[in-house]
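# Remarks on the overall topology
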Amino acid sequence: MNAKTSNRALIFRILMILYIFAVGYLCFNNFKKLPDDLPKMLFGIPMDKVAHFCMFLPFPILGFFALDHNKWSVIETIGKILELASFGCIFAGLTELVQSQLPYRTQDIADFKADALAICLASLIVFIVDIFLIKHNKK
């Protein structure tokens, strides 16, 4: 790993830690006191599900670029992306379990589905970017 790659990975590791704290705050804080005039839907999708999708979209991106991905083969890249997606879904599931224990929050399988959809979509994007833009341009 050269110095430029090392610095980039360090920045993404720091961003990943900050991101996890931000998701924790958003998932476990009491937002019942929000104004009533906030939109309830976006293109027919409940805003809560949109928020969950947006919260978990960065997970595979930050996680992948926090690792030393430049030396991986295509198979190794696929494996690492699947590991990150699995860990992201476990993280999303755990947030829902914790929410079920909080008196001011509720557990919702639809929230988990939005989280998992975001993780899967971002994982696919990471794969395409890494294989077709990053690794392809190094040849």
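A brief report on the enclosed structure follows. (Residues numbered from 1 in each chain as written. Predicted model: local features only at pLDDT ≥ 70, side-chain atom pairs only at ≥ 80, totals over all residues. Heavy atoms only, no water.)

### A few points about the overall build of the chain
Using the following cut-off: Put simply, DSSP H or I for four residues or longer makes a helix, DSSP E for two residues or longer makes a strand, and each gets a number counted from the N terminus. Any two residues whose heavy atoms approach within 4.5 Å at even a single point are treated as in contact. Using the Shrake-Rupley algorithm and a 1.4 Å probe, accessible areas are obtained, with residue cover drawn only from the displayed protein chains.
For the chain, the helix and strand inventory stands at five helices and two strands. When the helices and strands of the chain are read in sequence order from the N terminus, they spell out α-β-β-α-α-α-α. Across the chain, every contact between residues at least 6 apart in sequence was considered, and the portion connecting residues at least 24 apart equals 78%. Carbon together with sulfur atoms contributes 72% to the accessible area of the chain, which is approximately 8900 Å² in total.

### Re the pattern of salt bridges
Which entries qualify depends on this criterion: Criterion for a salt bridge: a side-chain nitrogen of Lys or Arg within 4 Å of a carboxyl oxygen of Asp or Glu. Summary of the burial criterion: residues with accessible area below 20% of their type's maximum are buried, those above 50% are exposed, and those between are partly exposed, where the area comes from a 1.4 Å probe applied to protein chains only.
The full count for this structure, using the stated rule, is four salt bridges. Taking the shortest distance from any N to any O, the salt bridge between D108 and K49 comes out at 2.7 Å. Pair noted here: D108 is in the loop between α4 (74-101) and α5 (109-138) and K49 is in helix α2 (residues 47-56), with a separation of 59 residues, a long-range link. Taking the relative accessible area as the measure of exposure, D108 reaches 24% and is therefore partly exposed.

### Structural notes on a nonpolar patch on the surface
Filter applied, for reference: Within this analysis, patches are made of residues with over 30% relative accessible area and no salt bridge. Like charges are joined at 9 Å or less; nonpolar side chains (Val, Leu, Ile, Met, Phe, Trp, Tyr) at 5 Å or less.
A grouping of L10, I11, I14, L15 and L18 is seen on the molecular surface, where their side chains present a nonpolar patch of about 460 Å² in accessible area. Looking at where I11 falls in the secondary structure, it is placed in helix α1 (residues 3-28).

### What about the nonpolar core?
This is how the line gets drawn: Among buried residues, the Ala, Val, Leu, Ile, Met, Phe, Trp, Tyr and Cys ones that are joined through side-chain atoms within 4.5 Å form a nonpolar core.
Counting 15 residues, the largest nonpolar core has M16, Y19, V23, F56, F59, F91 and I119 as the members making the most contacts within it. Every element with two or more residues in this core is listed here: α1, α2, α3 (58-65), α4 and α5. With residues up to four places along the chain from it excluded, the contact list for Y19 reads M55, F56, P58, F59 and L62. F65, W72, L84 and V126 belong to the second largest nonpolar core, which has six residues in total.

### Considering the packing of α2 against α3
Spelled out, the test is: A fitted line through C-alpha atoms represents every axis, and for helices the fit uses only the stretch in contact; the resulting angles, taken between N-to-C directions, go from 0 to 180 degrees. With respect to orientation, any angle under 35 degrees is reported as roughly parallel, any angle over 145 as roughly antiparallel, any angle of 65 to 115 as roughly perpendicular, and every other angle as oblique. Amino acid classes used here: Ala, Val, Leu, Ile, Met, Phe, Trp, Tyr, Cys and Pro are nonpolar; Asp, Glu, Lys and Arg are charged; the rest, including Gly, are polar.
The geometry of α2 relative to α3 is characterised by a closest axis approach of 5 Å and an angle of 5° between their N-to-C directions. When the axis of α2 is compared with that of α3, the two are roughly parallel. Judged by residue contacts, C54, M55 and F56 of α2 engage P58, F59 and P60 from α3. Here the residues of the contact of α2 with α3 sort into six nonpolar, no polar and no charged.

### Overview of the packing of aromatic side chains
To describe a pair of aromatic rings, one takes the distance between the centres and the angle between the planes. To be explicit about the condition: Between 30 and 60 degrees the pair is tilted, below 30 it is stacked and above 60 it is edge-to-face, where a pair is any two Phe, Tyr or Trp rings, Trp via its six-membered ring, whose centres lie within 6.5 Å.
In total, this model carries seven aromatic pairs according to the counting rule given. An angle of 35° between the planes, with centres 5.5 Å apart, marks the rings of F12 and F65 as tilted. In this pair, F12 is assigned in helix α1 and F65 in helix α3, connecting sequence segments 53 residues apart. Each residue in the set Y19, F56, F59, F87 and F91 is aromatic and connected to the rest through ring pairs, giving one cluster.

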